[in-house]
Amino acid sequence: MDLFKAADFYVNRIVDSQYRVGGIASVTEKSRIKALLLDKDTTTTISMCATQSELLSHEIYLVDTIENENRDVMRHLRCLVYVKPTEETIQSLLRELQNPKYGDYQIFFNNSVTKSQLERLAESDDLEVVSKIEEVFQDYHILNEDFFSLDMPAENLFTRQGIWDEVGLAECTKCVKSLLLSLKIKPEIRYESDSKLCQKLAKELVYEIDQNEKVLFDFPLMDSPPLLVLLDRKSDPLTPLLQPWTYQSMLNEYIGVKRNLVDLSNIPGIDENLKKVSLSPKQDSFFHDTMFLNFGELGDKVKQYVTNYKNNTHSNSKIDTIEDIKTFIEKYPEFRKLSGNVAKHMAIVGELDRQLQLKDIWQLSEVEQNIAVHKNNQEDYQDMIKLLQSPKLENFYKLKLACIYSLKHEDNSTKMNEVVQALKEQPSFPANDINFLHKFRETVAKYHKGSDANRYPDKDDLLSELAKKFNSRMGSKSNADTDNVYMQHIPEISTLLTDFSKNKMSKGKLKTINSSDFTNNNLPNAPSVPPQDIVLFVIGGVTFEEARFVHQFNETMRNKMRVILGGTSVISTKGYIDELRNM
């Protein structure tokens, strides 16, 4: 289950589609150049898994959008159309077929198309320029080989009461169905037993699978059936609140990455050529090798690249810190030309370092982690109060710190009242943030149930030791027994995957729903062997930190289990709190 391989299969199916003619086509006709028409959805989809040069190698010399009606008429070109079957796109296709600009059209939809949509297209094709219509399934965005997102913000999915919006539910169901079809699996569906959001989506997916069982989901049976596990973000609100420390997650947190595109234009003194860059683990080997490294390891990796260049140029420049590296690159501009990709990452790493220092993240993160993993520690509490009273720390981080504390100590009303009072005493702390903290305590913190034993893995957890790895240069004054005080917290997904790997899942944790074999009830008797293929889908957003854990799990369980993680969106700490504000 490699998402990039699944994408390559469908992209090649589109770009290598054979040209059909009534008789035997000439060599010239078979090899003539092609145009590719996309829409606003598939433009980003295909850009995340294919490069311009790869398209050129398939004789695609023109790429445009179906929404652009000012294209030139070029009847000598074949046209490949790859679009999402939305009403807006169908209308654009109808106008295109009524006045075709190309000689032949082959239309590919990235999800299921309805019978009525096909009938409307047929009625508009008076000139019979359409030679093929086909469904391919990639109605989601691939971020890593085992990580995807639907890129659906919460305001498009849920009402202000926190229940599914009907349109959002239908769209989410279609996208998850396309993922299952692209992986060619008909899974057993399990969902969090106390989540109505998960239960509703599970029922919709089972209905869709049953309706299309003989047409689309007719896959061979497996000894251990694949699983689709639906999770609710509310069951683990702690993970998206903590400051991340690995490259991909820090990039999303401090700079922002949208569908593999990063805007660096706000970085002081940024080179003109680096203001907007693309980052993809499939197309960028340096990013592929470093995206799961912590900040200390990342700095060492960049330093290694620059040191190699320094040795090659026989330079005597001192390179010990990130500032030294930046100075070296400015002194040797030809380094950018020879290693433009590394220069791009150097600009990003320099900005991350600047923001860490500017926002005093080091101390904040240590206190956050200590609160997250310790219970009723007075020293942690005093450290938190000092930060809440610090004029240097931004109000957002103070609010976030209070929310983290409430998740672990909501039952201690005395100290929680002291936390609220400490915030009220800050002259610049907004009243709206006080109100949000009360709302957070009443909704999210009370929903977040379970003991520390359930939330944090034991010594047998496959990932707990992996999570402790961190560079010694990021050491701290406290917690000498912990290798890394900045990454102590283990997401609940880790516990879930460990239970699956041991074929041991609590009956109260998940319910199963599969109308073909089960009714909606508790888990049936566990199969004799653990599942080999699992898709985890988080309703309400997923984090890059959780993606890192899944990647580590896959590396650990290579050739035994394969896991893919996805969510309705990818969230940062600020994005998560903003979504909670709007609920």
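Within any chain, residue numbers begin from 1 and follow the written order of that chain's sequence. For a predicted model such as this one, the threshold for reporting local features is a pLDDT of at least 70, and the threshold for listing and counting side-chain atom pairs is 80 or more; totals across whole chains, interfaces and linings nevertheless cover every residue. Derived side-chain values reflect all non-hydrogen atoms in the structure, with water molecules and hydrogen atoms excluded from consideration.

Looking at an unreviewed UniProt entry, the protein chain carries the name Sec1 family protein, with the source organism given as Zygotorulaspora mrakii. UniProt positions are given in the numbering used here, feature names are shortened, and annotations may be inferred rather than shown by experiment. Heading Sequence similarities (unreviewed entry) of the UniProt record for the protein chain holds this comment: "Belongs to the STXBP/unc-18/SEC1 family."

Colleague: Any chance you could explain the overall build of the protein chain here in plain terms?
Modeller: Runs of H or I in DSSP of at least four residues are treated as helices and runs of E of at least two as strands, each being numbered from the N terminus. Helix and strand content of the protein chain: 24 helices and 16 strands. For the protein chain, restricting intrachain contacts to residue pairs at least 6 apart in sequence, the fraction spanning at least 24 positions comes to 78%. Only the protein chains shown count as covering a residue, and every accessible area follows the Shrake-Rupley method with a 1.4 Å probe. On the protein chain, roughly 26,400 Å² of surface is accessible, and the fraction owed to carbon and sulfur atoms is 48%. The contact definition used throughout considers only heavy atoms, calling two residues in contact when any of these lie within 4.5 Å.

Colleague: Explanation requested: the sheet that holds strand β11 (residues 261–263) in the structure shown.
Modeller: Remark on secondary structure: sheet strands pair via backbone hydrogen bonds, oriented parallel or antiparallel. Read across the sheet, 3 strands follow the order β10-β11-β12 without closing on themselves; strand pairing throughout is antiparallel. For this open sheet the edge positions go to β10 (257–258) and β12 (276–278), each flanked by a neighbour on one side alone. As paired strands, β11 and β12 are joined by 3 bridges and run antiparallel to one another. Within the sheet, the bridge partner assigned to Asp263 lies in β12 and is Lys276. Paired strands are those between which DSSP finds at least two bridges.

Colleague: Which parts of the structure should I look at to understand the packing of aromatic side chains?
Modeller: The description of an aromatic ring pair rests on the distance of the ring centres and on the angle between the ring planes. Ring geometry is summarised as follows: Phe, Tyr and Trp rings, the Trp one being its six-membered ring, pair when their centres sit within 6.5 Å, and such pairs are stacked at plane angles under 30 degrees, edge-to-face over 60 and tilted between the two. One pass over the full model with this rule turns up 14 aromatic pairs. Consider the rings of Tyr102 and Tyr105, whose centres lie 5.9 Å apart with planes at 65°: the pair is edge-to-face. Each residue's exposure class comes from its accessible area (1.4 Å probe, protein chains only) as a fraction of the maximum for that residue type: buried when under 20%, exposed when over 50%, partly exposed otherwise. Using a relative accessible area of 1% as the deciding quantity, one classes Tyr102 as buried. Between Phe147 and Phe544, the aromatic rings sit 5.5 Å apart at their centres with planes inclined by 70°, giving edge-to-face as the arrangement. Here Phe544 lies in helix α23 (residues 544–556) and Phe147 lies in strand β7 (residues 147–149), a separation of 397 residues in the sequence. When its relative accessible area of 7% is taken as the criterion, Phe544 is described as buried. Taken together, the aromatic side chains of Tyr140, Phe148 and Phe537 make up a single cluster linked through ring pairs. Definition used: whenever NZ (Lys) or CZ (Arg) falls within 6 Å of the ring centre and also within 35 degrees of the ring normal, the charge is taken to sit over that ring. Above the ring of Tyr381, the side-chain terminus of Lys415 is found at 4.6 Å from the ring centroid. One Lys or Arg, Arg581, reaches over the ring of Phe436 and ends 5.0 Å from the middle of that ring.

Colleague: How should I be thinking about the pairing of strand β16 (residues 562–567) in this particular structure?
Modeller: Here is the key point about a regular strand: its side chains alternate between the two faces of the sheet. Of all 6 residues in β16, 5 are buried; the element is thus mostly enclosed. With 3 bridges connecting them, β7 and β16 associate as parallel partners. Bridge pairing in β16 places Phe148 opposite Gly566.

Colleague: Can you help me understand a nonpolar patch on the surface in this one?
Modeller: For patch building, the residue pool is restricted to those with more than 30% relative accessible area and no salt bridge; the joining distance is 9 Å between like charges and 5 Å between nonpolar side chains (Val, Leu, Ile, Met, Phe, Trp, Tyr). Any carboxyl oxygen of Asp or Glu within 4 Å of a side-chain nitrogen of Lys or Arg constitutes a salt bridge here. Taken together, the side chains of Ile33, Leu56 and Tyr61 make up a nonpolar region of the molecular surface, amounting to roughly 270 Å² of accessible area. Tracing the backbone through its elements, the reader meets Leu56 in helix α4 (residues 52–56). Exposure remark for Leu56: the relative accessible area of 36% places this residue in the partly exposed category.

Colleague: Help me understand unusual backbone geometry, please; the structure alone is not making it clear to me.
Modeller: Excluding glycine, residues mostly have negative phi values, and the peptide bonds linking residues are mostly trans. Phi is positive for Asp151, which is not a glycine, with a value near 55°. As for its position among the elements, Asp151 is in the loop between β7 and α7 (166–183). At Arg259, a position not held by glycine, the phi torsion is positive, near 55°. Here Arg259 lies in the loop between β10 and β11.

Colleague: Quick question: what am I supposed to make of helix α9 (residues 247–255) here?
Modeller: In an α-helix, one turn spans 3.6 residues, which is why side chains three or four residues apart end up on the same side. Burial within α9 is extensive, with 8 of its 9 residues counted as buried. Taken together, the buried positions of α9 are Tyr247, Gln248, Ser249, Met250, Leu251, Asn252, Glu253 and Tyr254. Of the residues trailing α9, Gly256 is marked for its positive phi of about 100°.

Colleague: Teacher, can you tell me more about empty space enclosed by the protein here?
Modeller: Any space left empty among the atoms is revealed by the rolling of a water-sized probe across them. Only protein atoms enter the 1 Å grid used here, on which a cavity is any set of points holding a 1.4 Å probe that cannot leave and a pocket is any open set flanked by protein within 12 Å on both sides along at least five of seven lines; residues with an atom within 4 Å of a point are listed as lining. Grid points are joined across faces, edges and corners, and a volume is the space filled by probe spheres set on the points. Evaluation of the coordinates by the stated rule reveals 4 cavities of 30 Å³ or more. In this structure, the largest cavity occupies an estimated 130 Å³ of space. Considering the residues around the largest cavity, the lining is formed by 14 residues, among which Gln243, Gln369, His489, Glu545 and Arg548 are closest to the centre. Looking at the lining of the largest cavity element by element, the count peaks at 3 residues for α23. Residues that form the lining of the largest cavity fall into these classes: 8 nonpolar, 4 polar and 2 charged. As a volume, the second largest cavity reaches approximately 100 Å³. Lining the second largest cavity are 13 residues, with Pro244, Glu253, Thr543, Glu545 and Ile571 positioned closest to its centre. Counting only elements with at least two residues in the lining of the second largest cavity, the list comes to α9 and α23. With 3 residues, the single largest contributor to the lining of the second largest cavity is α9. By convention here, the domain bounds are inherited from an automatic or database domain assignment. Taken together, domain 2 (140–240 + 489–515 + 528–582) and domain 3 (247–359) each give at least three residues to the lining of the second largest cavity, which thus spans both. Classification used: nonpolar for Ala, Val, Leu, Ile, Met, Phe, Trp, Tyr, Cys and Pro, charged for Asp, Glu, Lys and Arg, polar for all others including Gly.

Colleague: Mind showing me how you'd approach the pattern of salt bridges here?
Modeller: Where charged atoms from two side chains of opposite charge approach closely, those side chains can pair. This model, assessed by the stated rule, comprises 26 salt bridges. Residue Arg354 is joined to Glu351 by a salt bridge in which the shortest nitrogen-to-oxygen separation is 2.9 Å. Remark: Glu351 and Arg354 occur in helix α14 (residues 340–358); sequence separation between them is 3 residues, near one turn of the helix. On the accessibility criterion, Arg354 (36% relative accessible area) is partly exposed. Between Arg548 and Glu545 there is a salt bridge whose closest N-O contact spans 2.9 Å. Taken as a pair, Arg548 and Glu545 lie in helix α23 at a separation of 3 residues, close to a single helical turn. Comparing Arg548 with Glu545, the two get one shared label, buried. Overlapping salt bridges bring together Asp433, Lys574, Asp578 and Arg581 as one network.

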